Amino acid sequence: MANGPTIVEHRLDAEGVDQLMLTGVNDRNIQELNRLFGVRTILRGDHLVLSGELEAVERATPVAQHLIELSRLRIPFDTPDIARFADGMDALGPSGVVQPDDEVRLALPGSRKIIVPKSEGQRRYLQTILANEVVIGIGPAGTGKTYLAVAAAVDALYKKRVRRIILARPAVEAGENLGFLPGDLQEKVDPYLRPLYDALEDMMPHDRVRRALEDTTIEIAPLAYMRGRTLSDAFVILDEAQNATTAQMKMFLTRLGVNSRVVITGDKTQIDLPHRSDSGLLEVERILADVDGIAIVYLDTKDVIRHRLVKDIIRAYERADDAENAENAETGEPSP
């Protein structure tokens, strides 16, 4: 008769942890660990006890150990982060998750928030922003491209490394045709700039944001507003850059002034211009890659920090695109 699976119990030292941070509200973190790996997890005194089949416990142990280390250091993480840690471990082993000692942390005093990267890609992206004058972040939705860039900008403003923050976006997909929308110009463009307001208000008190907008310490504007200006002593972010035309991108980059930093973010899979080749993001990726002082960072599905289904949705679209491209290659039709 064949032997059944080997059932084991493994105890991890959890002395000194923040127990609520480790287990989560209503034990959500423990339940997520159990769901992901098919183990049973109990916090018993100063030990986290994992039990189940040998292979499942072996896979769960490094992720559980990582949660313990984060909880000891009071470094915040959310329940969805656990799946991301697991994916990183599966793909790259222990190096697949950001280790606490290697983390870049931005402490924002106004909101009492500590911004930390939640994947290796995010850590590399944030480090690159802090070390370079111009950074281009390319990746799918939900990878934190804009959020981390805004966090770095707010941190630079608090530390008086810059005097102002300028956040720009192409105002409308496929161009800036605002005439058909109701309201004055500000009312027309505000809906397209709302994600930038949301990121700011998550990192700064509402009153501080309002005052900064009133005295133009922070400016949020359509990309077209940048024409003819010199952006000195500023942290400048161009968001959704895949929808900036090549002419707009050149205009934007040549605004760079003394003591300014620029972060450009975009998603090459969501180009809404009439002709994909018109995207300024694709052009700068090609022609600026070797320019000293300009860095390009690529994020992918492993770095998605939204709902866990977002990662699955992105992968499903990627598979569909790959299948369509393969079919087009067989029939000789051009890819869209």
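Owing to the predicted nature of the structure, the values given are computational and were not obtained by experimental measurement.

Q: Would you take a moment to explain the overall build of the protein for this structure?
A: If you tally the helices and strands in the protein, you get 11 helices and 11 strands. Within the protein, contacts between residues at least 6 apart in sequence are counted, and of these 70% link residues at least 24 apart. For the protein, the accessible area works out to roughly 17,200 Å², and carbon and sulfur atoms hold 50% of it.

Q: For this particular structure, what's the right way to read the pattern of salt bridges?
A: Two side chains with opposite charge may pair up if their charged atoms get near one another. Applying the stated criterion across every chain, the model contains 10 salt bridges. Measuring nitrogen to oxygen at the nearest pair gives 2.7 Å for the salt bridge that ties Arg163 to Asp233. In this pair, Arg163 sits in the loop between helix H6 (145-158) and strand E7 (164-169) while Asp233 sits in the loop between strand E8 (218-222) and strand E9 (234-238), placing the two residues 70 residues apart along the sequence. Here Lys268 and Glu285 are joined by a salt bridge, their closest N and O atoms 3.0 Å apart. Of this pair, Lys268 sits in the loop between strand E10 (261-266) and helix H10 (280-287) while Glu285 sits in helix H10, and the two are 17 residues apart along the sequence. Judged by relative accessible area, Lys268 falls into the partly exposed class, the value being 26%. One connected set of salt bridges, linked through shared partners, spans Arg169, Asp239 and Glu240.

Q: Can you help me understand the environment of Ile313 in this one?
A: Within the fold, Ile313 resides in helix H11 (residues 308-331). With a relative accessible area of 47%, Ile313 lands in the partly exposed category. Residues Ile313 and Thr301, 12 residues apart in the sequence, show an inter-C-alpha distance of 9.8 Å.

Q: How should helix H5 (residues 120-131) be read in this particular structure?
A: Helical geometry note: an α-helix holds 3.6 residues per turn, so side chains three or four residues apart project in the same direction. Between its terminal C-alpha atoms H5 stretches 17 Å, which fits the 16 Å expected from 12 residues at 1.5 Å a residue. Among the residues of H5, those classed as buried are Gly121, Gln122, Arg123, Tyr125, Leu126, Thr128 and Ile129. Those residues of H5 hidden inside the fold are in contact with strand E4 (106-108), strand E6 (134-138), H6, E9, E10 and strand E11 (294-298).

Q: Sorry if this is basic, but what is going on with the packing of helix H9 (residues 246-253) against H10 here?
A: Each pair of packed helices can be summarised by the angle the axes make with each other and by the distance between the axes. With their axes 7 Å apart at the nearest point, H9 and H10 run at an angle of 60° to one another. The orientation of H9 with respect to H10, classified from their angle, is oblique. For the pair H9 and H10, the crossing hand works out as right-handed. Touching Thr246, Met249 and Leu253 of H9 are Gly280, Leu281, Glu283 and Val284, all from H10. For the contact of H9 with H10, the per-class residue count stands at four nonpolar, two polar and one charged.

Q: Honestly, helix H2 (residues 28-37) in this entry has me stumped. Any pointers?
A: Taken as a whole, H2 has its buried residues at Asn29, Ile30, Glu32, Leu33 and Phe37. Axial view of H2: buried residues confined to an arc of 160°, hence all on one face. Just downstream of H2, Gly38 is the residue with a positive phi angle, here 70°.

Q: Would you mind going over the pairing of E8 with me for this structure?
A: The side chains of a regular strand alternate, residue by residue, between the two faces of the sheet. With respect to burial, E8 is a largely interior element, five of its five residues being buried. In the sheet, E7 pairs with E8 via five bridges, with the strands oriented parallel. The residue of E8 that forms the bridge with Leu167 is Ile220.

Q: Help me out: how do you make sense of the sheet that holds E6 in this one?
A: Within a sheet, adjacent strands bond to each other through the backbone by hydrogen bonds, running parallel or antiparallel. If you walk across this open sheet you meet the six strands as E8-E7-E9-E10-E6-E11, and the pairing is parallel. Looking along the sheet, the strands with just one partner apiece sit at the ends: E8 and E11. Averaged over neighbouring strand pairs, the angle between their axes works out to 15° when direction is ignored. Seen against the sheet, H9 touches E6, E9 and E10 and runs at an angle of roughly 160° to E10.

Q: Which parts of the structure should I look at to understand the nonpolar core?
A: General note: in soluble globular proteins, nonpolar side chains tend to be found buried as a group. Residues Tyr125, Val154 and Phe235 are the most contacted members of the largest nonpolar core, which totals 37 residues. Taken together, the elements giving at least two residues each to this core come down to E4, H5, H6, E7, helix H7 (185-203), helix H8 (206-214), E8 and E9. It is H6 that provides the largest number of residues to this core, a total of 10 residues. One finds Met21, Leu48, Ile68 and Phe85 within the second-largest nonpolar core, a separate group that totals 25 residues.

Q: Where do I start with the sheet that holds strand E3 (residues 47-53) in this structure?
A: Taken in spatial order, the three strands line up as E1-E3-E2 in an open sheet, and their pairing is antiparallel. Edge positions in the sheet fall to strand E1 (7-13) and strand E2 (40-44), since each has one partner strand and no second. Averaged over all adjacent pairs, the angle separating strand axes in this sheet is 20°, with direction ignored. Here E1 runs beside E3; their pairing, made up of seven bridges, is antiparallel. Each residue of the ladder has a partner; that of Leu12, found in E3, is Leu48. Against the sheet, helix H3 (residues 54-72) contacts E1 and E3, and its axis sits at roughly 160° relative to E3.

The rules behind the values
- Residues numbered from 1 in each chain as written.
- Predicted model: local features only at pLDDT ≥ 70, side-chain atom pairs only at ≥ 80, totals over all residues.
- Heavy atoms only, no water.
- Helix = DSSP H or I, 4+ residues; strand = E, 2+ residues; numbered from the N terminus.
- Contact = heavy atoms within 4.5 Å.
- Areas by Shrake-Rupley, 256 points an atom, 1.4 Å probe, with all protein chains shown as cover.
- Salt bridge = Lys/Arg side-chain N within 4 Å of Asp/Glu carboxyl O.
- Buried < 20%, exposed > 50% of the residue type's maximum accessible area, 1.4 Å probe, protein only.
- Expected span 1.5 Å × (residues − 1).
- Axes fitted to C-alpha atoms, helices over the stretch in contact; angles between N-to-C directions.
- Parallel < 35°, antiparallel > 145°, perpendicular 65-115°, else oblique.
- Left-handed = near helix turned anticlockwise from the far one by under 90°.
- Nonpolar A, V, L, I, M, F, W, Y, C, P; charged D, E, K, R; others polar.
- Arc of directions from axis to C-beta.
- Pairing = 2+ DSSP bridges.
- Core = buried A, V, L, I, M, F, W, Y, C linked by side-chain atoms within 4.5 Å.

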